[in-house]
Amino acid sequence: MKAIGVFDSGVGGLTVARELMQQLPYEDIVYFGDTARVPYGTKSRETVFRFSIENILFLLKHDVKLICIACNTASSVGLPAIKRHFKVPIVGVIGPGAKEAVYATRNKRIGVLGTRSTIKSRAYDIEIKQLDRKAKVIATACPLFVPFVEEDWLNGKVVLEVARSYLKPLKDGRVDTAILGCTHYPLLKPVIRKVLGKKVILIDSARQVAMEVKKILAQDSQLNKKRVSRHRFYVSDNPEGFSKLAKRFLGSAVQNVKKVNSV
Ligand code: DGL
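What you are looking at is a predicted structure, and each value in this text was computed from that prediction instead of being measured.

Undergrad: Would you take a moment to explain the pairing of strand β5 (residues 109-114) for this structure?
TA: Where a strand is regular, its side chains alternate between the two sheet faces. Of all the six residues making up β5, six are buried; the element is thus mostly covered by neighbouring parts of the structure. Both β5 and strand β6 (residues 136-141) contribute to a ladder of six bridges, which runs parallel. By the bridge assignment, G114 is partnered in β6 with A141. Pairing between β5 and strand β7 (residues 177-181): five bridges, direction parallel. Residue pairing for β7: G111 is matched across the bridge by A178.

Dropping the structure here:
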């Protein structure tokens with residue numbers, strides 16, 4: 001029985017893997033974290049596109065039945081073009097997150113937070129406008145959020161001040177819904193909520209992504225009836241660092257992380 005392939009620029013995609021494990025307990029996951037080349041969020045479209053193709057080729061060597069691009073940056077640089085290269089179903093995180101936000105908003109004012117590359121791509125704006133022409137999107141890059149999470153700075157004065165500054169356009173724009181458009185941001189939910197207020201709905205696309213994966217596998221009669229193997233984790237560098245951070249994102253420890261030399 002084949003596994004589900006998941007890749008991210010590093011450890012953050014485990015927030016998506018976690019949701020997949022919860023919603024699809026009989027499925028095995030092959031996870032690849034490109035820790036040698038992280039972060040993707042500061043890199044050009046061409047570079048992230050090339051990395052994504054390489055990561056998919058790596059996962060295909062593990063005979064996966066579907067690939068989930070858990071990284072917002074990689075999903076935003078041209079999922080349709082990436083899909084055209086492969087026969088295997090590929091699910092990104094932008095469409096599912098946009099869908100949930102459009103469904104949730106009441107005043108049609110949606111905020112989007114992401115890395116510089118994700119925001120520059122305007123992938124969320126495009127997807128949201130396709131679903132609802134009248135929706136107003138206020139998008140802003142939050143480049144310090146990823147290092148904050150990786151350094152375990154999830155609250156405190158500095159984080160709060162930075163969040164206040166990044167989120168000002170969303171507050172001024174009176175959004176009632178905000179998409180956490182980066183794998184790391186769900187861990188900053190408490191501080192984001194503090195700044196935006198309790199009434200603003202925070203969308204973390206992982207749940208919706210897992211639902212989409214389940215739907216595709218069910219349609220293709222590819223859902224496992226029982227667990228056959230176990231989850232496998234690969235990285236392109238620093239497996240110890242990955243294991244250490246993994247618990248924070250996955251909720252449980254990850255053992256046997258293998259380093260691969262080339263993807
Ligand atoms: N995984 C990336 C994302 O979701 C964040 C980390 C990075 O910049 O590579 O956009």
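Having seen the model, we can carry on.
Undergrad: Can you help me understand the pattern of salt bridges in this one?
TA: Between side chains of opposite charge, pairing is possible as soon as their charged atoms come close. Under the counting rule described, the total for this entry stands at 13 salt bridges. Between E100 and R207 there is a salt bridge, and its shortest N-O distance comes to 2.8 Å. Here E100, found in helix α5 (residues 94-104), pairs with R207, found in helix α11 (residues 206-219); they are 107 residues apart in sequence, far enough to count as distant. By relative accessible area, which is 41% here, R207 ends up partly exposed. A salt bridge links K168 to D172, with the nearest nitrogen and oxygen atoms 2.8 Å apart. In this pair, K168 and D172 are both assigned in helix α9 (residues 157-172), four residues apart and thus about one turn of the helix distant. On the basis of relative accessibility, which here comes to 48%, the residue K168 falls in the partly exposed class.

Undergrad: Would you mind going over the site of the ligand with me for this structure?
TA: With respect to spatial proximity, 13 residues lie near the ligand, and among them D8, S9, Y40, G41 and T73 are the closest. Within the side chain of S9, one N or O atom sits 2.6 Å away from an oxygen atom of the ligand. At 2.8 Å from an oxygen atom of the ligand is found a main-chain nitrogen or oxygen belonging to G41. Protein chains bury 98% of the 300 Å² of accessible surface belonging to the ligand in isolation. Among the detected pockets, the ligand sits in the second largest pocket.

Rules and cut-offs
Within each chain, residue numbers correspond to sequence positions counted from 1 in written order. In view of the model being predicted, local features appear only for residues whose pLDDT reaches at least 70, and side-chain atom pairs are presented and counted only at 80 or more, with totals across whole chains, interfaces and linings using the full set of residues. Hydrogens and water molecules were not included; the side-chain quantities draw on all heavy atoms of the structure. Throughout this description, buried means an accessible area under 20% of the type-specific maximum (1.4 Å probe, protein chains only), exposed means over 50%, and partly exposed covers the range between. Strands are runs of DSSP state E lasting at least 2 residues, helices are runs of H or I lasting at least 4, and numbering of each runs from the N terminus. Each pair of strands is called paired provided DSSP finds at least two bridges between the two strands. For salt bridges, the criterion is a side-chain nitrogen of Lys or Arg within 4 Å of an Asp or Glu carboxyl oxygen. A cutoff of 4 Å decides nearness: a residue is near a molecule or strand if any of its heavy atoms lies inside that distance of it. Any pair of nitrogen or oxygen atoms within 3.5 Å is treated as a polar contact; in protein, a donor-acceptor pairing is required on top of that, and neighbouring residues in sequence qualify only through side-chain atoms on both sides. Exposure was quantified through the Shrake-Rupley algorithm and a 1.4 Å probe, taking into account, for residues, occlusion by the shown protein chains and nothing else. Buriedness for pockets is judged along seven lines, at least five of which must meet protein on both sides within 12 Å for an open set on the 1 Å grid over protein atoms alone, while cavities are sets there where a 1.4 Å probe fits but cannot get out, and lining residues have an atom within 4 Å of a point. If over half the atoms of a molecule are within 2 Å of the grid points of a cavity or pocket, the molecule is regarded as sitting in it.

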